[in-house]
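Residue-level listing of the chains:
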Amino acid sequence: RGLAISAALERDWPTAQTLLDSATTLFVRAGGPAWRYTLHEDQATLALRRGDGARAAREVDSALVGFLPSQGAVRYRLFAARAEAHVLQGDTAAAARALAQGAAALDAWRAELPTERLRALAFQARADFETPSAERAIAAIAASGRVAEAFALAEGRRARALRD
């Protein structure tokens with residue numbers, strides 16, 4: 001999996017795909033169900049970088065099945081990836097809905113945390129919330145003429161950051 005990520009960072013898409021497919025096969029043979037969903041997320045990310053929105057959407061949907069509502073940060077990242085997949089397919093309305101779903105999932109998860117300190121600590125894992133997919137989707141939504149909707153999505157992200 002790590003080698004596949006390295007190859008993707010080098011934009012060596014065929015090697016990244018081959019290595020990720022091999023990792024998936026190994027994890028399935030080893031009976032690692034928990035990793036299966038992470039590998040779907042990796043496949044989605046690779047599909048997004050290759051510009052394959054349809055495959056990315058399928059992989060995101062497969063990954064979302066395996067992550068619990070209590071894994072709010074991961075689910076937000078996946079909804080952002082779904083939004084970017086919709087953008088690649090030319091559907092900015094669906095992208096906006098996906099980002100809104102992700103924000104709702106994130107807010108629901110954070111609301112369940114028992115203390116304000118935990119909510120603040122949970123938000124400090126910024127890498128999960130500041131996803132390039134969300135930024136690209138918001139930019140595409142604005143560019144499509146849905147400026148007010150893009151603004152609301154962007155400000156919702158900013159409000160979460162300020163609140164914490």
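Model, not experiment: these values are computed from the prediction.

**Student:** Which residues make up the packing of aromatic side chains, and what values go with them?
**Tutor:** This structure, assessed with the given rule, holds one aromatic pair. Between the aromatic rings of Tyr 37 and Phe 67, the centroid separation amounts to 6.4 Å while the plane-to-plane angle is 65°, which identifies the pairing as edge-to-face. Here Tyr 37 is found in helix 3 (residues 33–50), whereas its partner Phe 67 is found in the loop between helix 4 (53–66) and helix 5 (72–88), with 30 residues between them in sequence. Judged by its relative accessible area of 10%, Phe 67 falls in the buried class.

**Student:** Can you explain helix 5? Please cite residues and give values.
**Tutor:** Counted at 1.5 Å a residue, the expected span for helix 5 with its 17 residues is 24 Å, and the 24 Å between its end C-alpha atoms agrees. By the criterion of burial, helix 5 is predominantly enclosed, with 14 of the 17 residues buried. Note on helix 5: the residue one or two positions beyond its end, Gly 90, has a positive phi of about 85°.

**Student:** For the packing of helix 6 (residues 92–112) against helix 9 (residues 132–143), give the residues involved together with the corresponding values.
**Tutor:** Closest axis-to-axis distance for the helix 6/helix 9 pair is 9 Å, and the angle between their directions is 135°. For the element pair helix 6 / helix 9, the angle class is oblique. Between helix 6 and helix 9 lies a crossing of left-handed hand. Across from Thr 92, Ala 95, Ala 96 and Leu 99 in helix 6, the residues of helix 9 making contact are Ala 134, Ala 137, Ile 138, Ala 140 and Ile 141. Within the contact of helix 6 with helix 9, the residues separate by chemical class into eight nonpolar, one polar and no charged.

**Student:** Hey, could you go over the side chain of Asp 42 for me, with residue numbers and the actual values?
**Tutor:** Position of Asp 42 relative to the elements: it lies in helix 3. Contact partners of Asp 42, with chain neighbours within four places excluded, come to Arg 1 and Leu 20.

**Student:** Quick one: what's the story with the pattern of salt bridges, residue by residue and with numbers?
**Tutor:** Where charged atoms of side chains with opposite charge meet at close range, the side chains can pair. Inspection of every chain in the model, using the stated rule, returns six salt bridges. Arg 55 is the partner of Glu 59 in a salt bridge, and the nearest nitrogen-oxygen pair spans 3.2 Å. Of this pair, Glu 59 and Arg 55 both sit in helix 4, four residues apart, which is roughly one turn of the helix. Salt-bridge contacts for Arg 136 lead to Glu 84; the nearest nitrogen and oxygen are separated by 2.7 Å. Here Arg 136, found in helix 9, pairs with Glu 84, found in helix 5; they are 52 residues apart in sequence, far enough to count as distant. The exposure class of Glu 84 is buried, given its relative accessible area of 6%. Each of Arg 49, Glu 84 and Arg 136 takes part in salt bridges that share partners, so that together they form one network.

**Student:** Explain the nonpolar core to me, using residue names and the numbers behind them.
**Tutor:** Counting residues in hydrophobic clusters, the biggest one holds 17 residues, and the most contacted among them are Ala 83, Leu 99, Trp 109, Ala 134, Ile 138, Ile 141 and Leu 153. Looking at this core, the elements with two or more residues in it are helix 5, helix 6, helix 9 and helix 10 (147–163). In terms of residues, this core owes the most to one element, helix 6, which gives six residues. Excluding residues that lie within four positions of it along the chain, Ile 141 makes contacts with Thr 92, Ala 95, Ala 96, Leu 99, Arg 146, Glu 149, Ala 150 and Leu 153. Ranked by size, the runner-up nonpolar core spans 16 residues in total, among them Ala 44, Ala 63, Leu 78 and Ala 105.

So, how was this worked out
Residues numbered from 1 in each chain as written. Predicted model: local features only at pLDDT ≥ 70, side-chain atom pairs only at ≥ 80, totals over all residues. Heavy atoms only, no water. Phe/Tyr/Trp six-rings, centres within 6.5 Å; stacked < 30°, edge-to-face > 60°. Helix = DSSP H or I, 4+ residues; strand = E, 2+ residues; numbered from the N terminus. Buried < 20%, exposed > 50% of the residue type's maximum accessible area, 1.4 Å probe, protein only. Expected span 1.5 Å × (residues − 1). Axes fitted to C-alpha atoms, helices over the stretch in contact; angles between N-to-C directions. Parallel < 35°, antiparallel > 145°, perpendicular 65-115°, else oblique. Left-handed = near helix turned anticlockwise from the far one by under 90°. Contact = heavy atoms within 4.5 Å. Nonpolar A, V, L, I, M, F, W, Y, C, P; charged D, E, K, R; others polar. Salt bridge = Lys/Arg side-chain N within 4 Å of Asp/Glu carboxyl O. Core = buried A, V, L, I, M, F, W, Y, C linked by side-chain atoms within 4.5 Å.

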